[in-house]
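# Structural characterization, general
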Amino acid sequence: VENPKNTSWNNAYCLSRPLAGELTLRLIREQLAFFKPRFYSPYLDEIAPGGMPSCPECRKQDPVKLVGDHIRAIEKTILDGGAVPLIFHDAFYSGRDGGYGAKILETLNPSTHIAVWDYSVKPGEVEFEYFAKRKFPLLGSSWCAYTENNMAIPRLVKKYNGVGCI
């Protein structure tokens, strides 16, 4: 990182350096072996921009390839560990962060579940429709502060043949 004081909060590690990815995958494998979960979520909703804007090595690379390779390695590790990957939708929606998350989405395993969340009182259905058209299994993730949200998200999950709510 060129200037640590001016970096975003989600600069957890540099994707251009193999050690960070290796440690992440090792941690995932250990958690899968210990807990033996049915689903495993690395979240991934804050992948963009990550360290890309502040790391001179990352800026030299195509974010679709760099971030996509990392996400596919995480996804493969989860699948190899016997769990179903569960990721949150927002970084993979077409209108976000230059659209590179949407390009990565096209390369993900179709068994990966997408959790769609919305903090608004009355959530819309655009995101549910977007991921349903791409045939990913959907889950809804309500935000408990609003009763309307807690009612609307399960209805949208049902409308778009989702698999449940978390």
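Everything below is about the structure printed above this text.
The structure contained in this document is the topic of the report that follows. Given the structure is predicted, the values throughout are model-derived calculations rather than measurements. (Residues numbered from 1 in each chain as written. Predicted model: local features only at pLDDT ≥ 70, side-chain atom pairs only at ≥ 80, totals over all residues. Heavy atoms only, no water.)

This part covers the packing of helix α1 (residues 18-35) against helix α3 (residues 63-80). Axis separation between α1 and α3 bottoms out at 10 Å; the angle between their running directions is 20°. In terms of axis orientation, α1 runs roughly parallel to α3. With respect to the hand of their crossing, α1 and α3 are arranged in right-handed fashion. In this structure, α1 uses G21, T24, L25, I28, R29 and L32 to contact α3, whose residues at the interface are H70, A73, I74, T77 and I78. (Axes fitted to C-alpha atoms, helices over the stretch in contact; angles between N-to-C directions. Helix = DSSP H or I, 4+ residues; strand = E, 2+ residues; numbered from the N terminus. Parallel < 35°, antiparallel > 145°, perpendicular 65-115°, else oblique. Left-handed = near helix turned anticlockwise from the far one by under 90°. Contact = heavy atoms within 4.5 Å.)

The topology assignment puts G81 in the loop between α3 and β2 (84-88). On the basis of relative accessibility, which here comes to 40%, the residue G81 falls in the partly exposed class. For the pair G81 and Q31, spaced 50 residues apart in sequence, the C-alpha to C-alpha distance is 9.4 Å. (Buried < 20%, exposed > 50% of the residue type's maximum accessible area, 1.4 Å probe, protein only.)

Applying the stated criterion across every chain yields a total of seven aromatic pairs. Centre to centre, the rings of Y43 and F88 are 5.1 Å apart; their planes meet at 5°, and the pair counts as stacked. Here F88 lies in strand β2 and Y43 lies in strand β1 (residues 39-43), a separation of 45 residues in the sequence. Overall, F88 belongs to the buried group, its relative accessible area being 10%. The rings of Y93, Y130 and F131 are connected pair by pair, giving a single aromatic cluster. The ring of Y130 has R134 sitting right over it, with the charged end atom 3.6 Å from the ring centre. (Phe/Tyr/Trp six-rings, centres within 6.5 Å; stacked < 30°, edge-to-face > 60°. Lys NZ or Arg CZ within 6 Å of the ring centre and 35° of its normal.)

Core analysis: the biggest nonpolar cluster contains 30 residues, and F92, L105, L108, I114, F128 and F131 have the highest contact counts within it. Secondary structure elements with two or more residues in this core: α1, α3, α4 (100-105), β3 (113-117), α5 (126-133) and α6 (147-159). (Core = buried A, V, L, I, M, F, W, Y, C linked by side-chain atoms within 4.5 Å.)

Okay, the pattern of salt bridges next. By the definition in use, this model includes seven salt bridges. Put simply, R26 and E30 hold a salt bridge, and the shortest N to O gap is 3.1 Å. Remark: E30 and R26 occur in helix α1; sequence separation between them is four residues, near one turn of the helix. Salt-bridge contacts for K65 lead to D69; the nearest nitrogen and oxygen are separated by 2.7 Å. (Salt bridge = Lys/Arg side-chain N within 4 Å of Asp/Glu carboxyl O.)

Excluding glycine, residues mostly have negative phi values, and the peptide bonds linking residues are mostly trans. If you check the backbone angles, K135 has positive phi at about 70° while not being a glycine. Here K135 is to be found in the loop between α5 and β4 (138-141). Positive phi is not limited to glycine here, since N161 has a value of about 55°. Relative to the elements of secondary structure, N161 occurs in the loop between α6 and β5 (164-165). The exposure class assigned to N161 is exposed, which follows from its relative accessible area of 69%.

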